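Coordinate inspection notes
Take a look at the letters that make up each chain.
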Amino acid sequence: MSPFPIILSAPSGGGKTTLAKLLLARRSDVGYSVSCTTRQPRGQEEDGRDYHFLSRTAFEERRDAGAFAEHAEVHGNLYGTLKSEVEGVFGTGRHVVMDIDVQGARQFVSSYPESVLIFLLPPSAEVLVSRLLGRKTESAAATQRRLTAARDELAAVGQYQYVVVNDDLERAYGQVASILEAEAVRHQRLPMVSQRVRGLVDELNRLILPHPPTT
Ligand code: 5GP
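With that out of the way, let us pick up the pairing of strand E1 (residues 5–9). Along E1, five of the five residues are buried, which leaves the element largely enclosed by surrounding structure. Burial of the side chains of E1 extends over both faces: Pro5, Ile7 and Ser9 are buried on one face and Ile6 and Leu8 on the other. Sheet topology places E1 next to strand E7 (residues 95–99); four bridges connect them, and they run parallel. Looking at E7, one finds that Pro5 is bridged to Val96. Relative to strand E8 (residues 116–121), E1 is paired through four bridges, and the arrangement is parallel. For Ile6, the partnering residue across the bridge sits in E8 and is Val116.

This next bit is on the packing of helix H5 (residues 125–134) against helix H6 (residues 140–154). For the pair H5 and H6, interaxial distance at closest approach is 11 Å and the crossing angle is 150°. One way to sum up the angle between H5 and H6 is to call them roughly antiparallel. Taken as a pair, H5 and H6 cross one another with a handedness that is right-handed. For the pair H5 and H6, contact is made by Leu128, Val129, Leu132 and Leu133 and by Thr143, Arg146, Leu147 and Ala150, respectively. Classifying every residue of the contact of H5 with H6 gives six nonpolar, one polar and one charged.

Scanning all chains against the criterion turns up six aromatic pairs. Taking 4.4 Å as the distance between ring centres and 10° as the angle between the ring planes, the aromatic pair formed by Phe108 and Tyr112 counts as stacked. An aromatic cluster of at least three residues, connected via ring pairs, comprises Tyr51, Phe53 and Tyr79. Over the ring of Tyr173 we find Arg26; its NZ or CZ atom is 4.7 Å from the centre of that ring. Above the face of the Phe4 ring, Arg189 is positioned so that its terminal group lies 4.2 Å from the ring centre.

The next point concerns the site of the ligand. Lining the immediate surroundings of the ligand are 17 residues, of which Ser35, Arg39, Tyr51, Tyr79 and Asp99 lie closest. Between the ligand and the protein, one listed contact pairs an oxygen atom with a side-chain N or O atom of Arg39 at 2.6 Å. The protein chains hide 97% of the 510 Å² of surface that the ligand would expose on its own. Of the residues assigned to the shell around the ligand, the class counts are five nonpolar, five polar and seven charged.

Moving on, we come to the sheet that holds E8. Across a sheet, paired strands are connected by hydrogen bonds in the backbone, their directions being either parallel or antiparallel. Read across the sheet, five strands follow the order E2-E7-E1-E8-E9 without closing on themselves; strand pairing throughout is parallel. Strands at the two margins of the open sheet, each flanked by one partner only, are strand E2 (30–32) and strand E9 (162–165). Taken over all neighbouring pairs, the strand axes of this sheet differ in orientation by 25° on average, direction set aside. With three bridges joining them, E2 and E7 adopt parallel strand pairing. Note that in E7 the partner of Val30 across the bridge is His95. Its contacts with the sheet place helix H3 (residues 83–91) against E1, E2 and E7, and it is angled at close to 150° to E7.

The rules we used
Residues numbered from 1 in each chain as written. Predicted model: local features only at pLDDT ≥ 70, side-chain atom pairs only at ≥ 80, totals over all residues. Heavy atoms only, no water. Buried < 20%, exposed > 50% of the residue type's maximum accessible area, 1.4 Å probe, protein only. Helix = DSSP H or I, 4+ residues; strand = E, 2+ residues; numbered from the N terminus. Pairing = 2+ DSSP bridges. Axes fitted to C-alpha atoms, helices over the stretch in contact; angles between N-to-C directions. Parallel < 35°, antiparallel > 145°, perpendicular 65-115°, else oblique. Left-handed = near helix turned anticlockwise from the far one by under 90°. Contact = heavy atoms within 4.5 Å. Nonpolar A, V, L, I, M, F, W, Y, C, P; charged D, E, K, R; others polar. Phe/Tyr/Trp six-rings, centres within 6.5 Å; stacked < 30°, edge-to-face > 60°. Lys NZ or Arg CZ within 6 Å of the ring centre and 35° of its normal. Near = heavy atom within 4 Å. Polar contact = N/O pair within 3.5 Å; in protein donor to acceptor, adjacent residues only side chain to side chain. Areas by Shrake-Rupley, 256 points an atom, 1.4 Å probe, with all protein chains shown as cover.

See the structure below:
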């Protein structure tokens, strides 16, 4: 089975970073595509691990060189997925987990139609707001921008194949893990199914007698 991209989208505060980290910690068959962004690092974030933090000019140079599989402006900053990140993870035989916004997801799927799209819903508006305020790393204006964006992002849920309510991390993790198991055995993803079936049919043909004994 070929590895595939797994797109996780959710409004800010939807818990997708935590879920992505859990997937990476627990599953050896997934890798992470580290995105580029022009926003400033927050808290403990590290360049090269959480994001590639770039200046706007450096971002635009990469964009103009065609280095991105998708890119979008989110909350006033530029974000993008490098083709080299995605192909690098595929090169190790693992699925690629990506945390990208709804505009990026739409673009990405046009180049990688085999992608699995998962939308994480917060259990309630209160939880979403408290997760956002709990960060304490953003200005009031930035928080307002994210709340407005959250409302708009919720409207894009229809473009996703799966919707997971992130009320309990373990439960949400279990659902995402089940999605990956099921997607891995999708008929279209399995190589040589017809060859395998032909082999079985040939073998059965040898066992089926031309004139079955009458009883
Ligand atoms: P944050 O600044 O909170 O890390 O992310 C803000 C938003 O940008 C989130 O909705 C996140 O999914 C999105 N985002 C992060 N990386 C990318 C990316 O590479 N491409 C796109 N299109 N969106 C991204």
